[in-house]
Amino acid sequence: MTAVYGHRGARGLFPENTLPGFIYAANLGLAGIEMDVVISKDNKVVVSHEPWMNPKTCTKPNHSKVGFLRRKNLYRMNYADIKLYDCGLRGNSGFTKQKKIAAYKPLLSEVVEQVEKALHHAKHPLPIYIIEIKSNWITDNKLHPPPEEFVRLVLDEIKPFGINERILIQSFDMRPLDIIHKINPGIMLGMLVRSPRFIRRRMKALSFTPHTCGTYYKLTSERWVKRIHSLGMKSLVWTENEKSDMLNHLKMGVDGIITDYPEMALEVVKELI
């Protein structure tokens, strides 16, 4: 059965990359939840899509809006200061059903701890954590540390939980994937590409074949799903939010759907069983 993963928790209904969204998504009984991580000035692994405060959704501690020209680089902020910003009360204009609730950018360790705790007495299986490392060689030492340090901080963060078999680390940057494969080959790794046309190029930068290949749903055809499978990887599509698209890709044989509306995706998957 095709796996369903909650994108940034469940962005369609809850503020993205926040504890309420992750706990909601986990309680649906999903295969896993997806999130992004960046690094703070004091080397904390922060769950955030952008390495800055998003001016569209975040509010300063004094309740004023974050300016577009002064977005606050998280790599230049200590986590104690990052946590004071609210990134949920304003909502998200792109997701009209998203709840407007107080929410801060949590630590990766906090997300895992709270989700595991929430599901401790539940009947749902424990989820896979899809962790996207947000790095690029152009922004090394500007928006994040170099890949070796970035990887070390992330691995140190999840090590105490002993859940390597439920971790999938993915990235558009092949450098951290290759580093992790060499120092901790037991962790699942995923290559991200916007267009499947770049798969071959990305694989040449790796010394191994990733477990998964995540592609943008609009550019994912049956031909590319078969190609990904022939290369020895599972096919994940992101970020799929319409039932018709989900049905099409399920029929193509994708292995996983990453979506802002995981409850909807679960219903679509059940329709085809």
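Scroll up to find the structure this text is about.
Model, not experiment: these values are computed from the prediction. (Residues numbered from 1 in each chain as written. Predicted model: local features only at pLDDT ≥ 70, side-chain atom pairs only at ≥ 80, totals over all residues. Heavy atoms only, no water.)

1. Observations regarding the packing of helix H8 (residues 243-252) against helix H9 (residues 262-271)
With their axes 10 Å apart at the nearest point, H8 and H9 run at an angle of 45° to one another. Comparing the axis directions of H8 and H9 gives the class oblique. The handedness of the crossing between H8 and H9 comes out as right-handed. Facing Lys243, Met246, Leu247 and Leu250 of H8, the residues of H9 in contact are Met264, Ala265, Glu267, Val268, Val269 and Glu271. For the contact of H8 with H9, a count of residues per class yields seven nonpolar, no polar and three charged. (Axes fitted to C-alpha atoms, helices over the stretch in contact; angles between N-to-C directions. Helix = DSSP H or I, 4+ residues; strand = E, 2+ residues; numbered from the N terminus. Parallel < 35°, antiparallel > 145°, perpendicular 65-115°, else oblique. Left-handed = near helix turned anticlockwise from the far one by under 90°. Contact = heavy atoms within 4.5 Å. Nonpolar A, V, L, I, M, F, W, Y, C, P; charged D, E, K, R; others polar.)

2. A word on a positive patch on the surface
Taken together, the side chains of Arg197, Arg200, Arg201, Lys204, Arg223 and Arg227 define a basic patch exposed on the protein surface. Within the residue set of the positive patch, elements represented by two or more residues are helix H6 (199-204) and helix H7 (222-230). In terms of residue count, H6 provides more of the positive patch than any other element does, three residues in total. Checked against the element boundaries, arginine 197 lands in the loop between strand S6 (188-193) and H6. (Patch = residues over 30% accessible without salt bridge, like charges linked within 9 Å, V, L, I, M, F, W, Y side chains within 5 Å. Areas by Shrake-Rupley, 256 points an atom, 1.4 Å probe, with all protein chains shown as cover. Salt bridge = Lys/Arg side-chain N within 4 Å of Asp/Glu carboxyl O. Lys, Arg positive; Asp, Glu negative; His and termini not counted. Charge placed at Lys NZ, Arg CZ, Asp CG, Glu CD.)

3. Some words on the nonpolar core
With 66 residues, the main nonpolar core has Leu108 and Ile169 as its most contacted residues. It is helix H4 (residues 147-158) that contributes the most residues to this core, six residues altogether. Non-local contacts of leucine 108, meaning those with residues more than four positions away in its chain, are made with Met35, Val37, Val45, Val47, Ile131, Val154, Glu157 and Ile158. Grouped together as the second largest cluster of nonpolar side chains are 12 residues, Val46, Val66, Tyr79 and Tyr85 included. (Core = buried A, V, L, I, M, F, W, Y, C linked by side-chain atoms within 4.5 Å. Buried < 20%, exposed > 50% of the residue type's maximum accessible area, 1.4 Å probe, protein only.)

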